[in-house]
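Residues per chain, in single letters:
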Amino acid sequence: MIPAAFDYVRAGSAEEAISLIGQHGDEAKFLAGGHSLLPLMKLRLAQPSVLIDIGRLTDLSYIRDGGDHLAIGALTRHRDVETSDLVKQHAPLLGHATSHVGDPQVRHRGTIGGSLAHADPAADLPATTLALGATYVAQGPSGTREIAAADFYEGFLESTLAPDELLTEIRIPKMGSAGWSFQKFNRRAQDWAIVGVAAWRNNGDSGVALVNMGSTPVLASSVSAALAGGASPAEAAEQAAADASPQADLNASVEFRVHLAKVLVRRALEEASA
Ligand SMILES: Cc1cc2nc3c(=O)[nH]c(=O)nc-3n(C[C@H](O)[C@H](O)[C@H](O)COP(=O)(O)OP(=O)(O)OC[C@H]3O[C@@H](n4cnc5c(N)ncnc54)[C@H](O)[C@@H]3O)c2cc1C
């Protein structure tokens, strides 16, 4: 499969990337790890006229302790998140979920910012950062703004990020002593989730989000409300699909997805509670 012709420009800084995308308009796209964009281009589902390569913006590849949160640069590769001691200590759910993204080759190229900006409901990290209550930082021509993960996802592969905004940082609240679990149901090892669940619990608080249960990653607020009201993991898991709008595809019917969500949420809550 060969993509349509495109021009290629490499940005040397975040500011230059934003300026370049401003010059080239809606037909231009940022290129980070290329592991979601290039497959779409090869299938001709995306035909940008210009690719602005941000893959070498090493300034945006970092994991820092921000006090009450971890600050992760948007260009940080999955492999660096997966193996980071800071992530293991303060956001183990994110590190573990990242270890389930594709295979080692994908994790060495793909970036956390690319995964979130791509806004694929079947991807592991949008739902995981949603469950963790993350904040995303975006930089555009008129400055920087913070976007709650809960306000970011608008539709299938659509987010509230403007075309001329660059995702620069992801802020993950530290998990403290919360119990957590990541459940991914797929047919083949290293494949995308047919349904997935990211969950954490800490006394009365919890966060539960679903992978591939609608056109966006889904925050399962009804599950958290049930837990806060005293429900057991099994009882709360009955609410797993209450906030979701799953669709059928080659891998699963709607009914099978709802069943999977209930089973995986129960397993996740039992593991997080233990
Ligand atoms: C074989 C294979 C298996 C995979 N398996 C999984 C899996 O199991 N689970 C999973 O979650 N993912 C999986 N992925 C996707 C992988 O995680 C990608 O790396 C990730 O989704 C996209 O990151 P990227 O850096 O490659 O982004 P790119 O492909 O470069 O970009 C993706 C989109 O985001 C935009 N973008 C990128 N960075 C920014 C930024 N900083 N600011 C604004 N816009 C930006 C681009 O313009 C583009 O529209 C798989 C990919 C492949 C090829």
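Residues numbered from 1 in each chain as written. Predicted model: local features only at pLDDT ≥ 70, side-chain atom pairs only at ≥ 80, totals over all residues. Heavy atoms only, no water.

Topic: the site of the ligand
Looking at the ligand, there are 31 residues lining it, with F30, G34, H35, L37 and T111 nearest. The separation between an oxygen atom of the ligand and a polar main-chain atom of G34 is 2.7 Å. Between the ligand and L167, the relevant distance is 2.8 Å, taken from a nitrogen atom to a main-chain nitrogen or oxygen of the residue. Protein coverage of the free-state accessible area of the ligand, which is 970 Å², stands at 90%. Secondary structure elements with two or more residues in the shell around the ligand: strand 2 (28-31), helix 7 (112-118) and strand 10 (166-173). Here the shell around the ligand gets 4 residues from one element, more than from any other, and that element is helix 7. Considering only residue class, the shell around the ligand consists of 14 nonpolar, 12 polar and 5 charged. (Near = heavy atom within 4 Å. Polar contact = N/O pair within 3.5 Å; in protein donor to acceptor, adjacent residues only side chain to side chain. Areas by Shrake-Rupley, 256 points an atom, 1.4 Å probe, with all protein chains shown as cover. Helix = DSSP H or I, 4+ residues; strand = E, 2+ residues; numbered from the N terminus. Nonpolar A, V, L, I, M, F, W, Y, C, P; charged D, E, K, R; others polar.)

Notes on helix 9 (residues 221-228)
Turning to helix 9, its buried residues are V223, S224, A226 and L227. Buried residues of helix 9, seen end-on, are gathered within an arc of 160 degrees and therefore sit on one face of the element. Along helix 9, exposed side chains directed more than 90 degrees from the buried face belong to A225 and A228. Of the surrounding secondary structure, the elements contacted by the buried residues of helix 9 are strand 12 (195-202), strand 13 (205-211), helix 10 (233-237) and helix 11 (254-273). (Buried < 20%, exposed > 50% of the residue type's maximum accessible area, 1.4 Å probe, protein only. Arc of directions from axis to C-beta. Contact = heavy atoms within 4.5 Å.)

Digging into the sheet that holds strand 14 (residues 218-219)
Across the sheet, 4 strands lie side by side as 11-12-13-14; this open sheet has antiparallel pairing. Strands with a single pairing partner mark the edges of an open sheet, and in this sheet they are strand 11 (179-185) and strand 14. Pairing of strand 11 with strand 12 involves 7 bridges; the strand directions are antiparallel. Looking at strand 12, one finds that Q183 is bridged to V197. Where helix 8 (residues 124-131) meets the sheet, its contacts fall on strand 11, strand 12, strand 13 and strand 14, and the angle it forms with strand 13 comes to roughly 165 degrees. Sitting on the sheet, helix 9 touches strand 12, strand 13 and strand 14, and the angle it makes with strand 13 is about 155 degrees. (Pairing = 2+ DSSP bridges. Axes fitted to C-alpha atoms, helices over the stretch in contact; angles between N-to-C directions.)

A few points about the pattern of salt bridges
Applying the stated rule across the entire model yields 11 salt bridges. D249 is paired through a salt bridge with R257; the nearest N and O atoms lie 2.9 Å apart. For D249, a relative accessible area of 37% puts it in the partly exposed group. Taking relative accessible area as the criterion, R257 reaches 2% and is therefore assigned buried. Overlapping salt bridges, with partners in common, bring together R79, E82 and R107 in one network. (Salt bridge = Lys/Arg side-chain N within 4 Å of Asp/Glu carboxyl O.)

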